[in-house]
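Results of the structural survey
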Amino acid sequence: MIPAIYFQHHLKSEALRSTLFTLGVTILLVSAWALNDEHLYPGAYSIIPTLGTLLIIAAGSHQNGQGRWGKALLEQQLLVWIGKISYSLYLVHWPIIVLYRHATGYEFTALELTLLTCVIFMAAAMLHYGVEKRFYNHRFSAKVKPANPSSRHKLTWATLAYGLLIALISSHAWVNSGWSWRFPNMIYSREAINAAFESRVSHYLADCQILQWPSQGKCKNSANATVLFFGNSHEPDGYNFMRAGYPTEMDTLNTVNFGTVNECSHLSRTASGWQSSNSSCQARLDQLFQDDFIHNLDLIVLSEHHTFKSWNENSLKMIGDIKAQNKTVRVLVISDYLETHTPCVNILNDTGDMAPCFADSNIAYNPDVASQELYPSYKHLFTFAINRMHFLCTNSEASSCLSSTQNGIPFSFDKHHNSLEFAQMSGRRCAQFNPTLFEDLLSADFSPQAPLDLPGVQPSGLQPDNKAKIQGLYITLYGRAADWAGLEYWLQQLQEGKQTLRDISSVLSAPDQPEFTGLYSNLDSQQSAHQLYQNILNRAPDALEQNVWQTGLNNGSLSLAELATGLLTAKNRDFIAEPSTLNSDSMVLNNKIQAAMYFSEQTKSMSWGRDQLKVAARMAVQDVTAEMDTVQQSKDFTDRLIGKR
């Protein structure tokens with residue numbers, strides 16, 4: 001108000017008034033685009049649009065009004081009409097929005113926003129013409145009294161006092177990050193959200209950073225392999241993921257964190273190497289492309305949001321340059337996860353429910369890597385891919401994906417960066433599918449089973465090794481862990497090419513096998529097939545699955561040995577109908593094999609002639625489910641059996 005009164009007589013330059021108007025409009029437009037749910041508003045950020053509004057008012061406060069540009073815009077008939085009904089718009093817009101949101105849900109579609117806008121303008125017009133405008137036409141009959149100087153001073157002091165009161169109230173809200181008492185059902189305060197952001201990077205920052213390599217800080221500089229974590233702001237997510245899933249390997253390997261490429265402003269590849277205008281980033285780039293560092297690298301773990309989008313091309317080019325200098329380095333990409341329009345934590349605070357978080361209307365990005373523009377050009381760089389959608393979703397619909405941990409921690413405290421707890425849970429789930437991931441990726445003879453393939457929710461896990469496949473046959477056919485001697489014998493037969501997996505299955509299920517005959521002699525083909533499912537997957541076949549194999553078993557074109565082999569090689573089999581079933585089955589299968597392998601190895605020196613040991617071998621796997629805790633329970637059982645505990 002005070003600047004406007006001052007400019008009323010002093011802002012004579014039309015060009016200056018036009019400049020102030022343009023600057024004010026620009027500030028308002030930038031505020032509308034940049035300020036979102038991640039900013040505390042109202043709060044300090046409200047100063048920005050307030051400043052823009054002040055400039056527009058100041059530009060029009062001169063006795064000659066706005067400059068040329070301001071008049072050209074603000075004298076448009078539509079804007080003049082909106083100005084006339086603006087007070088009514090202010091009164092009606094928020095009640096309509098709040099009531100509609102309360103009745104229908106949290107987020108609006110584009111159609112709903114359009115219709116709501118129309119309703120708000122209609123209601124505002126009715127209020128303006130039906131109520132507000134009537135007061136404009138009122139004529140007062142009383143004579144106008146001369147101005148009283150003391151009244152003018154009273155108004156000034158009252159205005160200042162009122163402004164001071166508002167400033168004090170606003171300051172109190174700002175200092176306390178809002179008034180939490182207004183939201184009694186709030187689950188996460190602003191302090192808790194800030195603490196979650198800090199915890200997300202706490203372990204990552206405490207580990208070895210690239211400028212500390214090779215021996216400063218937490219850098220190990222051991223003879224073990226060196227692993228570089230690399231990426232944009234999701235690099236810490238990849239680190240937290242691998243740290244939780246593979247803690248033993250992460251403790252022994254030489255892990256190095258680049259520090260994200262986000263602050264690498266004006267990044268470019270020149271004749272002298274990669275350059276950035278940011279000095280901190282430049283120091284890290286210089287270290288990254290030192291010959292000693294590159295030739296010590298064994299594995300790069302890339303974790304980026306929108307991995308193959310054009311704005312991440314520099315990261316992909318850098319990986320290509322590293323591989324050009326060190327052709328033996330492997331690259332693991334951890335695919336990104338969902339992104340929302342509104343942070344899930346906001347929805348949880350507002351509604352007390354996480355269900356609307358992954359509603360279609362709130363999904364801003366559902367990863368479809370193969371459709372991203374750089375995927376065809378750069379997929380050859382990667383040795384292996386972890387598709388998180390595979391083990392965090394039951395199908396390709398976002399609503400089927402996990403939006404929180406089992407303890408209710410949201411997947412993100414903004415719109416896409418994973419919370420520490422969610423990244424850790426994801427890593428542990430990945431380890432259920434690929435327990436030997438690091439070992440396999442760093443082995444000299446490792447080669448991918450298939451080209452990099454990330455679209456949809458297709459499994460991207462490593463195929464079980466030969467020993468695990470044989471172990472799986474024992475579980476499927478006999479419902480128990482394999483004896484170590486049998487496991488070693490069949491492994492040698494398989495590796496030397498003397499027997500295929502189906503051949504081994506046929507031998508183990510032959511009529512002259514007493515154990516198999518004792519289990520299945522009193523069962524018909526359907527009951528036998530049901531038993532195989534129960535042994536390896538903890539469930540009965542569904543109707544479609546049964547329809548597929550029942551005909552084959554009846555006409556002799558399919559044997560139980562072939563069914564057992566098909567159930568084991570679940571990634572490519574035709575017996576699974578639903579992706580959700582496949583996800584659950586894969587976790588059960590992997591967990592049972594892991595528990596059985598531990599039992600077989602720990603009991604290899606014990607005599608398998610005793611029936612009691614076979615009973616124990618069944619007990620070691622029968623209660624193992626898709627939950628990782630059941631694997632540890634099985635191992636505890638084995639340890640008690642052999643006297644370790």
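Residues numbered from 1 in each chain as written. Predicted model: local features only at pLDDT ≥ 70, side-chain atom pairs only at ≥ 80, totals over all residues. Heavy atoms only, no water.

1. Observations regarding the overall build of the chain
Tallying secondary structure elements over the chain gives 29 helices and nine strands in all. The contacts of the chain with a sequence gap of at least 6 include a subset with a gap of at least 24, amounting to 73%. For the chain, the accessible surface area stands at approximately 33600 Å², while carbon and sulfur atoms represent 57% of it. (Helix = DSSP H or I, 4+ residues; strand = E, 2+ residues; numbered from the N terminus. Contact = heavy atoms within 4.5 Å. Areas by Shrake-Rupley, 256 points an atom, 1.4 Å probe, with all protein chains shown as cover.)

2. A word on the state of the cysteines
Each disulfide is one covalent bond, formed between the sulfur atoms of two cysteines. Going through the model one piece at a time under the given rule, you end up with three disulfides. Sulfur-sulfur distance for the disulfide between Cys264 and Cys281 comes to 1.9 Å. Between Cys264 and Cys281, the S-S dihedral sits near 100°, and the bridge is therefore right-handed. Of the two residues, Cys264 is situated in the loop between strand E2 (254-257) and strand E3 (268-270) and Cys281 in helix H12 (residues 279-288); the sequence distance between them amounts to 17 residues. With relative accessibility at 0%, the residue Cys281 sits in the buried group. The disulfide partner of Cys344 is Cys357, and the gap between their sulfur atoms is 1.5 Å. Here Cys357 lies in the loop between helix H15 (344-351) and strand E8 (363-365) and Cys344 lies in helix H15, a separation of 13 residues in the sequence. Judged by its relative accessible area of 0%, Cys344 is buried. (Disulfide = S-S within 2.5 Å. Buried < 20%, exposed > 50% of the residue type's maximum accessible area, 1.4 Å probe, protein only.)

3. Side note on the environment of Ser280
Tracing the backbone shows Ser280 in helix H12. With 16 residues separating them in the primary sequence, Ser280 and Cys264 have C-alpha atoms 8.2 Å apart. Side chain to side chain, Ser280 and Glu263 meet in a polar contact 3.0 Å long. (Polar contact = N/O pair within 3.5 Å; in protein donor to acceptor, adjacent residues only side chain to side chain.)

4. Quick notes on the packing of aromatic side chains
Summed over all chains, the structure comprises 18 aromatic pairs. Pairing Phe230 with Phe258 gives two aromatic rings, centres 5.1 Å apart and planes at 65°, and the pair type is edge-to-face. Here the residue Phe230 occupies a position in strand E1 (residues 226-231), and Phe258 occupies one in the loop between E2 and E3, the gap between them amounting to 28 residues. Accessibility classification places Phe230 together with Phe258 in one group, the buried group. Considering the side-chain rings of Tyr489 and Trp490, the 4.9 Å spacing of their centres and the 70° angle between planes classify their relative orientation as edge-to-face. Through successive ring pairs, a cluster of aromatic residues spans Tyr337, Phe358, Phe411 and Phe422. (Phe/Tyr/Trp six-rings, centres within 6.5 Å; stacked < 30°, edge-to-face > 60°.)

5. Considerations on the pairing of E2
Side chains of E2 alternate between two faces, with Asn254 and Val256 and Thr255 and Asn257 buried alike. With four bridges connecting them, E1 and E2 associate as parallel partners. What sits directly across from Leu228, in E2, is Val256. (Pairing = 2+ DSSP bridges.)

6. Let's talk about the side chain of Arg284
Locating Arg284 in the fold gives a position in helix H12. Owing to a relative accessible area of 6%, Arg284 belongs among the buried residues under this scheme. A distance of 3.5 Å separates a polar atom in the side chain of Arg284 from the backbone oxygen of Gly259. With residues near it in sequence (within four places) discarded, Arg284 still touches Ile210, Leu211, Phe258, Gly259, Thr260, Glu263 and Cys264.

7. Here we look at the sheet that holds E2
Neighbouring strands of a sheet are bound in pairs by backbone hydrogen bonds; such pairs are parallel or else antiparallel. The sheet built from five strands is open, its strands ordered E2-E1-E5-E6-E9 with parallel pairing. The outermost strands of the open sheet, each flanked by one partner alone, are E2 and strand E9 (384-386). Strand after strand, the sheet turns through a mean of 20° between neighbouring axes, direction not considered. In the packing of helix H14 (residues 313-325) onto the sheet, the strands contacted are E1, strand E5 (297-303) and strand E6 (330-334), and the crossing angle to E5 comes to about 170°. (Axes fitted to C-alpha atoms, helices over the stretch in contact; angles between N-to-C directions.)

8. Concerning the environment of Ala620
With respect to the helices and strands, the residue Ala620 is situated in helix H28 (residues 611-622). Residue class for Ala620 comes out buried when judged on its relative accessible area of 1%. Separated by 14 residues in sequence, Ala620 and Ser634 place their C-alpha atoms 5.3 Å apart. Not counting chain neighbours up to four residues away, the residues in contact with Ala620 comprise Ala595, Phe599, Ser634 and Phe637.

9. Notes on a nonpolar patch on the surface
Together, Tyr162, Leu165, Ile166 and Ile169 line one region of the surface with nonpolar side chains, adding up to about 380 Å² of accessible area. Mapped onto the secondary structure, Tyr162 falls in helix H8 (residues 149-175). Using a relative accessible area of 56% as the deciding quantity, one classes Tyr162 as exposed. (Patch = residues over 30% accessible without salt bridge, like charges linked within 9 Å, V, L, I, M, F, W, Y side chains within 5 Å. Salt bridge = Lys/Arg side-chain N within 4 Å of Asp/Glu carboxyl O.)

10. Quick look at the packing of helix H20 (residues 466-478) against helix H22 (residues 501-508)
At their nearest, the axes of H20 and H22 sit 10 Å apart, and the two run at 35° to each other. Crossing handedness for the pair H20 and H22: right-handed. Every residue of H22 that contacts H20 at Lys469, Ile470, Leu473, Tyr474, Leu477 and Tyr478 is listed here: Leu501, Ile504, Ser505 and Leu508. When the residues that make up the contact of H20 with H22 are grouped by side-chain class, the tally is eight nonpolar, one polar and one charged. (Left-handed = near helix turned anticlockwise from the far one by under 90°. Nonpolar A, V, L, I, M, F, W, Y, C, P; charged D, E, K, R; others polar.)

11. A word on the pattern of salt bridges
Applying the stated criterion across every chain, the model contains 13 salt bridges. A salt bridge links Asp251 to Arg243, with the shortest nitrogen-to-oxygen separation between them at 2.6 Å. For Asp251, a relative accessible area of 49% puts it in the partly exposed group. In this structure, a network of salt bridges that share partners links the residues Arg480, Asp483, Glu515, Lys614 and Arg618.

12. Focus on helix H29 (residues 628-642)
For H29, built from 15 residues, the straight-helix expectation of 21 Å at 1.5 Å per residue is met to within 8% by its first-to-last C-alpha distance of 22 Å. Restricting attention to buried positions, one finds in H29 the residues Thr630, Val631, Ser634, Lys635, Asp636, Phe637, Thr638 and Asp639. In the stretch just after H29, Gly643 is the one whose phi turns positive, near 90°. (Expected span 1.5 Å × (residues − 1).)

13. A few points about the nonpolar core
Most often, soluble globular proteins have nonpolar side chains that are buried together. Membership of the largest hydrophobic core comes to 48 residues, with the highest contact counts inside it found for Met242, Leu332, Tyr337, Phe358 and Ile386. With 42 residues, the next largest nonpolar core counts Ala482, Leu553, Leu567 and Ala620 among its residues. (Core = buried A, V, L, I, M, F, W, Y, C linked by side-chain atoms within 4.5 Å.)

By themselves, these figures tell us nothing about what the structure is for.
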